[in-house]
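Summary of structural features
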Amino acid sequence: MPGKLKVKIVAGRHLPVMDRASDLTDAFVEVKFGNTTFKTDVYLKSLNPQWNSEWFKFEVDDEDLQDEPLQITVLDHDTYSANDAIGKVYIDIDPLLYSEAATVISGWFPIYDTIHGIRGEINVVVKVDLFNDLNRFRQSSCGVKFFCTTSIPKCYRAIIIHGFVEELVVNEDPEYQWIDRIRTPRASNEARQRLISLMSGELQRKIGLKVLEMRGNAVVGYLQCFDLEGESGLVVRAIGTACTLDKLSSPAAFLPACNSPSKEMKEIPFNEDPNPNTHSSGPSTPLKNQTYSFSPSKSYSRQSSSSDTDLSLTPKTGMGSGSAGKEGGPFKALLRQQTQSALEQREFPFFTLTAFPPGFLVHVGGVVSARSVKLLDRIHNPDEPETRDAWWAEIRQEIKSHAKALGCHAVVGYSESTSICEEVCILSASGTAAVLNPRFLQDGSVEGCLEQRLEENLPVGCGFCHIPYDELNMPFPAHLTYCYNCRKQKVPDVLFTTIDLPTDATVIGKGCLIQARLCRLKKKAQAEANATAISNLLPFMEYEVHTQLMNKLKLKGMNALFGLRIQITVGENMLMGLASATGVYLAALPTPGGIQIAGKTPNDGSYEQHISHMQKKINDTIAKNKELYEINPPEISEEIIGSPIPEPRQRSRLLRSQSESSDEVTELDLSHGKKDAFVLEIDDTDAMEDVHSLLTDVPPPSGFYSCNTEIMPGINNWTSEIQMFTSVRVIRLSSLNLTNQALNKNFNDLCENLLKSLYFKLRSMIPCCLCHVNFTVSLPEDELIQVTVTAVAITFDKNQALQTTKTHVEKSLQRASTDNEELLQFPLELCSDSLPSHPFPPAKATSVDYSSFADRCSNWIELIKLKAQTIRRGSIKTTVTVEKASPMGEGNFRNRSAPPCANSTVGVVKMTPLSFIPGAKITKYLGIINMFFIRETTSLREEGGVSGFLHAFIAEVFAMVRAHVAALGGNAVVSYIMKQCVFMENPNKNQAQCLINVSGDAVVFVRESELEVVSAQQPTANCQPSCTGGEVTT
Amino acid sequence: MTSELDIFVGNTTLIDEDVYRLWLDGYSVSDAVSLRVRSGILEQTGATAAVLQSDTMDHYRTFHMLERLLHAPPKLLHQLIFQIPPSRQALLIERYYAFDEAFVREVLGKKLSKGTKKDLDDISTKTGITLKSCRRQFDNFKRVFKVVEEMRGSLVDNIQQHFLLSDRLARDYAAIVFFANNRFETGKKKLQYLSLGDFAFCAELMIQNWTLGAVGEAPTDPDSQVDDMDVDLDKEFLQDLKELKMLVADKDLLDLHKSLVCTALRGKLGVFSEMEANFKNLSRGLVNVAAKLTHNKDVRDLFVDLVEKFVEPCRSDHWPLNDVRLFLNQYSASVHSLDGFRHQALWDRYMGTLRGCLLRLYHD
């Protein structure tokens, strides 16, 4: 199915002077796609050329459209010698390939040169006409949408969440090809950039094909990574979650999406049944089951594990609609079976999502992770990347079995990563074992019958904490207690997860960023010896990281970790471990015990004094932290006196006890968990060091909070100011004192100082919260440690925060507002997707009769208004709180049909690692941004040294991302992530090189305040998304 | 443990106004850090000196990168690399082009050449402004001068358009450019009492009335007006000023003029007798200044002459400002009653401006 790509080169500006004699430039442009090249005329003697070219037309297969980037090269014409390149622009045209995203790419793009950086800008217009798509044995997968966002994108609802998709492609790295010795660094860099662009296009297309096979139409939580394996090649791999998404466009469709929470939780009380799975015993922590395997790469035995393993596993067993509401035992069993089978049919029941539709997550078991050390060798045949596939398959299998051992049939919040040093590679995968609600996983979902019972709600906010495994046959020793919230089910004493805090979780107080940092020296070694040494070190590292996390968590007086990410980085002579997570106090879990210090040699008086001193310090810190994070859980002993537990909760409590009377009896020994004090034995210097490091972590200055999850538990009144930033630090260790302790201290200081610097820099935003704080550690050289942090600072309203510290109120507020948000989605979407018919009509003609459209819109709005109000009345859960919740929400409701056009801040492109923009609504997803840049310099000193070089480069990367988003008609990037920042320097040669890979979702958002300003009379404006930010500046 | 690399890049470029000021003032990073420490910021924020050092370095690096763009402010608005809210952009530009009064008085009217640039060392020592800051200010003057020098149309408008400065700052720059172009001497000791504001006021009047642009014929006949519009004085006008000489050369005319002024002012002036005694000197002074303006050299000395020939004599007789005003009004108006004098329009063009200037220059 061919398509026609049309490109027009309009003008350039701020070009560099290429002719010293005249101080001017004779610029022309080459437009290349695939093997076809067009040229513009030479525009003589100008730094602001106006080419105003004709439309260059490329007739290409849509396969190529997906794979190839459009390559625009700006050159300086030279009559006598070769033309000099000024720079290039690569444009990924993928967003133009699905009809709901952008229709045109038009705007100013920075002209980028890998040696000189940005050199002026060029104005380009790109369009694609796709011919009729007949969906035969195609190699392309146009129309499948990709989202980096690890939750269901805001203006969609998930009909089915199919599951895991993965793919990898390999190639030789141009940097290591023989030709690289004779070509210029520029040529080499450009070859690399182009290759990676091609490979990611190909990868995306292949993943798209798998999604189509599964009968999905989108990939959510798409994460693409590069492994620069050096000599042995270049691997581009991606994982994601295939879904069938539906735009929130019709009231009928919208209803089940946001108003059927936790219903099934009740239907499927997994804890009742003894888990049929056999449990293997594992390490005694909720951080379950790490494995370390080292196998020389050649000796793998799996046969056909190419990544094209058949994944067309869409379950055929549709739920019998209409019957799911019954509570009969046999039916439950059936339901359970179906869930099980639905998931077991999948090779890997993994989900890269970290936040879920209400009711999706039933129980959470704990973190599962697996690592494996591999030796790299040359990839001989790029077309059959079997080795790498087998490696990953092995690890995923591992993860799957761990999850099973935890009584869970699925893994959520799943991610994979690598760390490479020379020829050794550590592959890691981690996720959270969970029990899921089958409803979202199957075709022909059961929505129809469930709506009537919406008003019945389970005890909110604790269901997911209940253990999924069998308490008599626990996979690891843990202290179980009855849930402090519902008192019906068992919960563990601590819970570690890799996902975001579920929106319905009941949290007490605020959360905070908790990090465990660890270095271990390792002897330099070669090949297998090296790999073995690393494998041997790994378990100890994992264990220590875990202990540190546990200690720090207790020190904060909290009992659960969310968004846990443990990164193990391998270097020449050391291993680094960095774990980041957000600690919270879950109301459902028991109060954590304190930390007890015990000395091994209790006869020494002064020693004991020292210990008691330490103990006091620790106790003080815990008390202080409890105050700081407002952790004051209600006393447990009393029976629900005066606790602000809402009505529905009690009712459902009743309901529960009727149906599950067997649980009613055992309400004893709740205080068991409290006695469980954590004992730290300081019998050697190591332990002393641990205790010290516990106490050296300084809390953020007042007015600051930080977390590595999407939102800060306990803060929900965000104001609109956001500041995304990247900060990079490299320290050089003095090689003299390389002991583990010194190393640990250096690393700890590095991280702490970095955080302190961030707090200082952002002090003008107080009160604010650093969200999605993402640390990445790399060891570029022997004595260098590089830490890269990307996060976003968001301001919030302090006064309001103080008012709403009552957790329950807070909780319901939050829920109400999210509900509201979803209520509001569809009217906004109304116009961009005119009729609710097919989710993704391929290559729809884009001519719309606007005038009649307006009428239709307003009719729709009337209809929706009615519907929406019925819904609101129907849902008892929220009606009470909505009034209190947010006048803003109400305001939105009135003005829901406001167009996004009235965006006053044209040209400003927001960037955020979060999936949302505070105080604004995302009205449209324009496509994925996935960019890879290389920058090199041979005049490092002149560019301000390493700091100057990298500072400029990162600023340029931001600029290019913003320019692409603006050209797509967007005004923000959400779920932005800097996946790689590989920096290499050679100060002696005055050289440096850096590779950066970033991605995110380009979106159009509308400020809520603007929603209110603009009246409801112009719904048509909605239909012209390009007017929001099409032109940056002219 | 040493920090090899330490950067912070925000999607919105962070601008710390205090650090910007320190940077503009030409302080080195270490000086800036110690100045910040002294401001008590560590106590306020609980930060450490290392944090402050890193923060200052970071801002300095950003400013260094922005400097290239600040040299052509419209570029700052259109560039894509730094996302800066418009209000912040305006602040960056305005502060960058702001100057120290002490510095500008040193270079006002001097040729903005390499030679002058060499003297910046001395100016720096004399004024206590860092050499770096002096250089920036000097380069700003020079840059603005170069851009608008050859341009047609209103000087202030041109400056505003190309440098996006506030109205007030653009006016000051117009004066600086005008003075630099005409090389008016302002550094003499007897002119030290005058501020930039005084000169800028005069410059504005002169631009309005004495330049080619002031004649207002340019739009109708653009080809013939190859000369600059606002920066150069109207040569023809200066030539014509010789005609005024008869006001003092012709004794009858001078006497008549004097009697007209004296009659009109009798009883109204506190310093009437002094005025009467000095009339001829003053009038000769003012008219000779006009007659001399044909020579470039004398144009340069305009302000010296005005102060010598008019301001100082009056001041030594302790004329109140109001009396000066009354006198100058009457002095220029009375010429209209001199039947033998034909150059009324020329006189008005000259005296109208000069009266304004003199009144502004007349203070202690």
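Residues numbered from 1 in each chain as written. Chains lettered and ligands numbered in written order. Predicted model: local features only at pLDDT ≥ 70, side-chain atom pairs only at ≥ 80, totals over all residues. Heavy atoms only, no water.

**Here's the deal with the overall build of chain B**
Stated precisely, the cut-off is as follows: Working definition: helices are DSSP H or I runs of at least four residues, strands are E runs of at least two. Numbering for both runs from the N terminus. Throughout this description, buried means an accessible area under 20% of the type-specific maximum (1.4 Å probe, protein chains only), exposed means over 50%, and partly exposed covers the range between. Contacts: residue pairs with any heavy atoms within 4.5 Å of one another. Positive charge is attributed to Lys and Arg, negative charge to Asp and Glu, and no charge count is given to His or to the chain ends. Lys charges are placed at NZ, Arg charges at CZ, Asp charges at CG and Glu charges at CD.
Scanning chain B from terminus to terminus reveals 22 helices and 1 strand. With respect to the three principal axes, the spread of C-alpha positions in chain B is 90 × 50 × 35 Å. In chain B, buried positions account for 51% of the 364 residues. Of the contacts formed within chain B by residues at least 6 apart in sequence, a portion of 70% connects residues at least 24 apart. Of the side chains in chain B, 47 bear a positive and 53 a negative charge, and the two mean positions are spaced by 3 Å.

**Digging into the packing of aromatic side chains**
Our working definition: Working definition: rings of Phe, Tyr and Trp (its six-membered ring) pair if their centres are within 6.5 Å, and the pair is stacked with planes under 30 degrees apart, edge-to-face with planes over 60 apart, and tilted otherwise.
All told, the structure shown has 49 aromatic pairs over all chains when counted by the stated rule. Centre to centre, the rings of F147(A) and Y156(A) are 5.5 Å apart; their planes meet at 65°, and the pair counts as edge-to-face. With a relative accessible area of 3%, Y156(A) lands in the buried category. Centroid distance F184(B) to F303(B): 5.4 Å. Interplanar angle 85°. Geometry classified as edge-to-face.

**Considerations on the pairing of strand β22 (residues 574–586) of chain A**
All names here are of chain A. Put simply, the rule is: Here the rule is simple: two strands pair whenever DSSP picks up at least two bridges between them.
Counting buried residues in β22 gives 13 out of 13 residues, a clear majority hidden from the surface. Here β22 shows a buried face lined by M574, M576, L578, S580, T582, V584 and L586 and a second buried face lined by L575, G577, A579, A581, G583 and Y585. As paired strands, strand β20 (residues 507–521) and β22 are joined by 12 bridges and run antiparallel to one another. Pairing of I514 across the sheet is with A581, part of β22. Examined bridge by bridge, strand β21 (residues 560–570) and β22 share 9 bridges and lie antiparallel to one another. Within the sheet, the bridge partner assigned to T569 lies in β22 and is M576.

**Looking at a nonpolar patch on the surface**
To be explicit about the condition: Residues forming no salt bridge and having over 30% relative accessible area are the ones grouped into patches, like charges within 9 Å of each other and nonpolar side chains (Val, Leu, Ile, Met, Phe, Trp, Tyr) within 5 Å. Accessibility throughout is a Shrake-Rupley quantity obtained with a 1.4 Å probe, and a residue counts as covered only by protein chains that appear here. Any carboxyl oxygen of Asp or Glu that lies within 4 Å of a side-chain nitrogen of Lys or Arg is treated as forming a salt bridge with it.
On the surface, a cluster of nonpolar side chains totalling about 360 Å² of accessible area is made up of W178(A), I179(A) and I182(A). A residue is classified by how much of its surface remains accessible, and I182(A), at 65% relative accessible area, is exposed.

**Some points on the sheet that holds strand β31 (residues 972–986) of chain A**
Strand pairing in a sheet takes place through backbone hydrogen bonds and is either antiparallel or parallel in direction. All names here are of chain A. We count it as follows: Where helices are involved, their axes are fitted lines through C-alpha atoms of the stretch in contact, as for all axes, and angles between N-to-C directions lie from 0 to 180°.
Ordered in space as β29-β31-β32-β30, the 4 strands form an open sheet in which the pairing is mixed. Edge strands, defined here as strands with exactly one partner in the open sheet, are β29 (910–911) and β30 (920–937). Sheet analysis places β30 next to strand β32 (residues 991–1007), joined by 16 bridges and oriented antiparallel. When the bridges of β32 are listed, F932 appears paired with N997. The strands that helix α2 (residues 185–213) touches are β30 and β32; relative to β30, the one it contacts most, it runs at about 145°. Contacts from helix α19 (residues 945–967) reach β29, β30, β31 and β32 within the one sheet, and its direction differs from that of β30 by about 145°.

**Description of the confidence of the model for chain A**
For clarity, the threshold we go by: Note on scores: pLDDT gives the predictor's confidence for each residue, bounded by 0 and 100.
Confidence in the prediction of chain A, expressed as mean pLDDT, is 72, and 65% of residues score 70 or more. Confidence drops under pLDDT 50 across residues 801–906 of chain A; counting only partners more than four residues distant or on other chains, this segment forms 186 contacts.

**Focus on the nonpolar core**
How we decide: Among buried residues, the Ala, Val, Leu, Ile, Met, Phe, Trp, Tyr and Cys ones that are joined through side-chain atoms within 4.5 Å form a nonpolar core.
The biggest cluster of nonpolar side chains holds 252 residues, and the ones touching the most others in it are L70(A), I122(A), F327(B) and Y350(B). If you tally residues by element for this core, the top one is α19(A), at 16 residues. In this view, L70(A) contacts L5(A), V7(A), V31(A), K32(A), F33(A), F58(A), V89(A), Y90(A), I91(A), I93(A) and V126(A); residues no more than four positions away in its chain are not counted. In terms of nonpolar packing, the next biggest core, distinct from the first, is built from 45 residues, V220(A), V412(A), A560(A) and L586(A) among them.

**Some details on the interface of chain A and chain B**
Heads up, the condition is: As used here, buried area is the combined drop in accessible area, with a 1.4 Å probe, of two parts when they are placed together. By the criterion applied in these results, polar contacts are pairs of N or O atoms within 3.5 Å in which, for protein atoms, one can donate a hydrogen and the other can accept it, and in which residues neighboring in sequence qualify only through two side-chain atoms. Each residue is assigned to one class: nonpolar for Ala, Val, Leu, Ile, Met, Phe, Trp, Tyr, Cys and Pro, charged for Asp, Glu, Lys and Arg, and polar for all the others, Gly among them.
Each partner contributes residues to the interface: chain A has 50 residues there, and chain B has 35 residues. Looking only at chain A, the three residues that lose the most surface to chain B are F760(A), K761(A) and H951(A), adding up to 22% of its buried area. Across the chain A-chain B interface, the total number found is 5 salt bridges. The salt bridge partner of D58(B) is K761(A), with a shortest N-O separation of 3.5 Å. Linking chain A with chain B are 22 residue pairs in polar contact (both at pLDDT 80 or more). Of all the elements in the fold, those that place two or more residues in the side of chain A that touches chain B are β7 (105–113), β8 (117–130), β26 (718–732), α13 (740–761), β29, α19 and β31 of chain A. Per-element accounting of the side of chain A that touches chain B gives the leading share, 13 residues, to α19(A). Partitioned by chemical class, the residues of the side of chain A that touches chain B number 25 nonpolar, 13 polar and 12 charged.

**Observations concerning the sheet that holds β22(A)**
Residue and element names in this part refer to chain A. In space, the 4 strands of this open sheet follow the order β19-β21-β22-β20, with mixed pairing throughout. Each edge of the open sheet carries a strand with a single partner, namely β19 (495–496) and β20. Pairing of β19 with β21, which is carried by 2 bridges, proceeds in the parallel orientation. Note on β21: the bridge partner recorded for L495 is A560. Seen against the sheet, helix α8 (residues 527–555) touches β19, β20, β21 and β22 and runs at an angle of roughly 150° to β20. Against the sheet, α13 contacts β20 and β22, and its axis sits at roughly 140° relative to β20.

**Describing the domain arrangement of chain B**
The condition is simple: For every domain, the bounds stem from an assignment made automatically or drawn from a database.
What the domain assignment reports for chain B is domain 1 (17–85), domain 2 (101–210) and domain 3 (235–361). One C-alpha centre belongs to domain 1 of chain B, the other to domain 3 of chain B; they are set 53 Å apart.

**Overview of unusual backbone geometry**
All names here are of chain A. In this chain, I766 is followed by P767 through a cis amide linkage whose omega measures 0°. Following the sequence through the fold, P767 ends up in the loop between α13 and β27 (768–778). At S975, a residue that is not glycine, the phi angle is positive and equals roughly 50°. With respect to the helices and strands, the residue S975 is situated in strand β31. Residue S975 is classed as buried on the basis of its relative accessible area, which comes to 9%.

**Focus: the packing of helix α17 (residues 251–265) of chain B against helix α21 (residues 321–334) of chain B**
All names here are of chain B. We count it as follows: Under this scheme an angle from 65 to 115 degrees is roughly perpendicular, one under 35 degrees roughly parallel, and one over 145 degrees roughly antiparallel; angles in between are oblique. If you view the pair so one helix is near and one far, a crossing is left-handed when the near helix is turned anticlockwise from the far one by less than a right angle, and right-handed when it is turned clockwise.
At their nearest, the axes of α17 and α21 sit 9 Å apart, and the two run at 135° to each other. In terms of their interaxial angle, α17 and α21 are classed as oblique. Considering only the axes of α17 and α21, their crossing is right-handed. Taking contact as the criterion, the partners of H257, L260, V261, A264 and L265 in α17 are, on α21, L326, F327, Q330, Y331 and S334.

**Observations concerning the packing of helix α12 (residues 167–182) of chain B against helix α13 (residues 196–210) of chain B**
Residue and element names in this part refer to chain B. It is the contact of α12 with α13, at a shortest axis distance of 9 Å, that shows an interaxial angle of 75°. Considering the angle they form, α12 stands roughly perpendicular to α13. Touching R171, D172, A174, A175, F178 and F179 of α12 are L196, F199, A200, A203, E204, M206 and I207, all from α13. Considered class by class, the residues forming the contact of α12 with α13 number 10 nonpolar, no polar and 3 charged.

**Considerations on helix α11 (residues 155–163) of chain B**
Residue and element names in this part refer to chain B. Stated formally: Think of the arc as the fan of directions from the helix axis to the C-beta atoms.
Within the sequence span of α11, burial applies to L155, V156, N158, I159 and F163. In an axial view of α11, the angular spread of the buried residues amounts to 160°, which keeps them on one side of the axis. Here the buried face of α11 lies against α5 (73–78), α6 (86–97), α10 (131–149), α12 and α13. Positive backbone phi, approximately 55°, marks L164, located one or two places after α11.

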